[in-house]
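Spelled out, the chains give:
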Amino acid sequence: MEEQIINNIAVIKERIHKACNESGRDPGEVKLLLATKTVLPERIKIALQAGQTLIAENKVQELKEKYAALKEIPHTSHFIGHLQTNKIKDVLKYEVSCIQSLDRLDLAEKLHQRLQFENKTMEALIQVNTSGEESKFGVHPDGAIELVKQVAQLKTLKIKGLMTIGLFSAETGKVRKCFRLLKNIQQQIIALNIPDIEMRELSMGMSGDLEIAIAEGATIVRVGTAIFGQRMYPDSYYWNETEQMN
Ligand SMILES: *Cc1c(COP(=O)(O)O)cnc(C)c1O
């Protein structure tokens, strides 16, 4: 099990390197984030001990369950799932440094209130729904710029860029379109010179499509399956609008 995970990480790093080379990018520009949903702490630890430093959960419940076991190993923790406002306190408590799935103003405002109260700040990426699939979260592309402007007013939230989940499709052209759209929105936002934000990070690309994402400018790729193996729940369990399973 240990060897498998370490070997898988090496394979992913190689894929990242190759994709960077092919698009003339510096591999140092692309961070590997481990998507650890459903993965037990013992297995996550193997990856951290092998030198990985960036992990992310989709559900507050899992963040909470794994927190104590992982605390001893230095790492950075992001949040990449749909966050309900009643779970904000826990996200702060379990030391998430960046919410990559910020997709609505009411969530941003409630985060801001709590951050102010605790005298903390948090990094944020604005999640954009670039695939047009109703089952996925994220602000509509047409609303992304406005949301960035609004969140920029909330001083405890430090915007660092954008995040998206590409379309699941064997048609690479359609997948590429999602990533290209995110890049395009990023460029529009940069041109607006909005005060108090950074727009460097593009979190896009997963096990199946990271090469396309890197070619289109990803700075963070989020990989789960290709490192930890197949999950026993379908991804709709994590992404669907229905929240009965939280
Ligand atoms: C699960 C997940 C990933 C990783 O997906 P894999 O296909 O397992 O690599 C990336 N991003 C988000 C938001 C996820 O929920």
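Conventions adopted
Residues numbered from 1 in each chain as written. Predicted model: local features only at pLDDT ≥ 70, side-chain atom pairs only at ≥ 80, totals over all residues. Heavy atoms only, no water. Helix = DSSP H or I, 4+ residues; strand = E, 2+ residues; numbered from the N terminus. Rg over C-alpha atoms; globule rule 2.2 N^0.38 Å. Buried < 20%, exposed > 50% of the residue type's maximum accessible area, 1.4 Å probe, protein only. Contact = heavy atoms within 4.5 Å. Areas by Shrake-Rupley, 256 points an atom, 1.4 Å probe, with all protein chains shown as cover. Lys, Arg positive; Asp, Glu negative; His and termini not counted. Charge placed at Lys NZ, Arg CZ, Asp CG, Glu CD. Near = heavy atom within 4 Å. Polar contact = N/O pair within 3.5 Å; in protein donor to acceptor, adjacent residues only side chain to side chain. Nonpolar A, V, L, I, M, F, W, Y, C, P; charged D, E, K, R; others polar. Axes fitted to C-alpha atoms, helices over the stretch in contact; angles between N-to-C directions. Parallel < 35°, antiparallel > 145°, perpendicular 65-115°, else oblique. Left-handed = near helix turned anticlockwise from the far one by under 90°.

Undergrad: Explain the overall build of the protein chain to me, using residue names and the numbers behind them.
TA: Each helix and strand in the protein chain was counted, giving 10 helices and 8 strands. The C-alpha radius of gyration of the protein chain comes to 17 Å, within 12% of the 18 Å expected for a compact globule of 246 residues. A principal-axis box enclosing the C-alpha atoms of the protein chain has dimensions of 45 × 40 × 35 Å. Looking at the 246 residues of the protein chain, the share that counts as buried comes to 52%. Within the protein chain, residue pairs in contact and separated by at least 24 positions form 63% of the contacts whose partners lie at least 6 positions apart. Summing over all exposed atoms, the protein chain offers an accessible surface of approximately 11,800 Å²; the carbon and sulfur share of this is 49%. Side-chain charges of the protein chain comprise 32 positive and 32 negative groups, with the mean position of each set lying 2 Å from the other.

Undergrad: Before we move on, could you go through the site of the ligand and cite the residues and values that matter?
TA: Not every one of the 13 residues close to the ligand is listed here, only the nearest: Lys37, Asn58, Ser207, Thr225 and Arg231. In the model, a nitrogen atom of the ligand is placed 2.8 Å from a nitrogen or oxygen of the Arg222 side chain. Contact distances for the ligand include 2.8 Å between an oxygen atom and a backbone N or O atom of Gly224. Isolated, the ligand exposes 390 Å² of accessible area, and the fraction of that covered by the protein chains is 96%. Looking at side-chain class alone, the shell around the ligand contains 6 nonpolar, 4 polar and 3 charged residues.

Undergrad: Would you mind going over helix 2 (residues 41-49) in detail, with residue names and values included?
TA: Residues of helix 2 that are buried include every one of Pro41, Ile44, Ile46, Ala47 and Leu48, and no others. Check the buried side of helix 2 and you find it contacts helix 1 (2-22), strand 1 (31-35), strand 2 (54-57), helix 3 (60-71) and helix 9 (225-228). Taken from the residues just after helix 2, Gly51 is the one with a positive phi, measuring 110 degrees.

Undergrad: Now, about the side chain of Thr36: what can you tell me, with residues and values included?
TA: Tracing the backbone shows Thr36 in the loop between strand 1 and helix 2. You can call Thr36 buried: its relative accessible area is 0%. Of note is the side chain of Thr36, whose polar atom sits 2.8 Å from the side chain of Glu57. Residue contacts for Thr36: discarding those within four places in its chain leaves Ile44, Ile55, Ala56, Glu57, Glu62, Lys66 and Phe228.

Undergrad: Could you give an account of unusual backbone geometry, with specific residues and numbers?
TA: Most peptide bonds adopt trans geometry, and most residues besides glycine take a negative phi value. Of note, Asn119 is a non-glycine position whose phi angle comes to about 55 degrees, a positive value. Along the chain, Asn119 turns up in the loop between helix 5 (105-118) and strand 5 (122-127). With relative accessibility at 72%, the residue Asn119 sits in the exposed group. Despite not being glycine, Asp196 has its phi angle at roughly 65 degrees, a positive value. Relative to the elements of secondary structure, Asp196 occurs in the loop between helix 7 (172-192) and strand 7 (201-203).

Undergrad: Go over the side chain of Ser131 with me, naming the residues and quoting the values.
TA: Structurally, Ser131 is set in the loop between strand 5 and helix 6 (144-152). A distance of 2.8 Å separates polar atoms of two side chains, one belonging to Ser131 and the other to Glu133. Leaving out residues up to four positions away in the same chain, Ser131 has contacts with Lys136, Ile165, Leu167 and Cys178.

Undergrad: Tell me about the packing of helix 6 against helix 7, and name the residues and values.
TA: The interhelical angle for the contact between helix 6 and helix 7, taken along N-to-C directions, is 45 degrees, at an axis separation of 10 Å. Considering the angle they form, helix 6 stands oblique to helix 7. Of the two possible hands of crossing, helix 6 and helix 7 adopt the one that is right-handed. Note on element contacts: helix 7 touches helix 6 through Ile185, Gln188, Ile189 and Leu192, opposite Ala144, Ile145, Val148 and Lys149. Here the contact of helix 6 with helix 7 is composed, by residue class, of 6 nonpolar, 1 polar and 1 charged.

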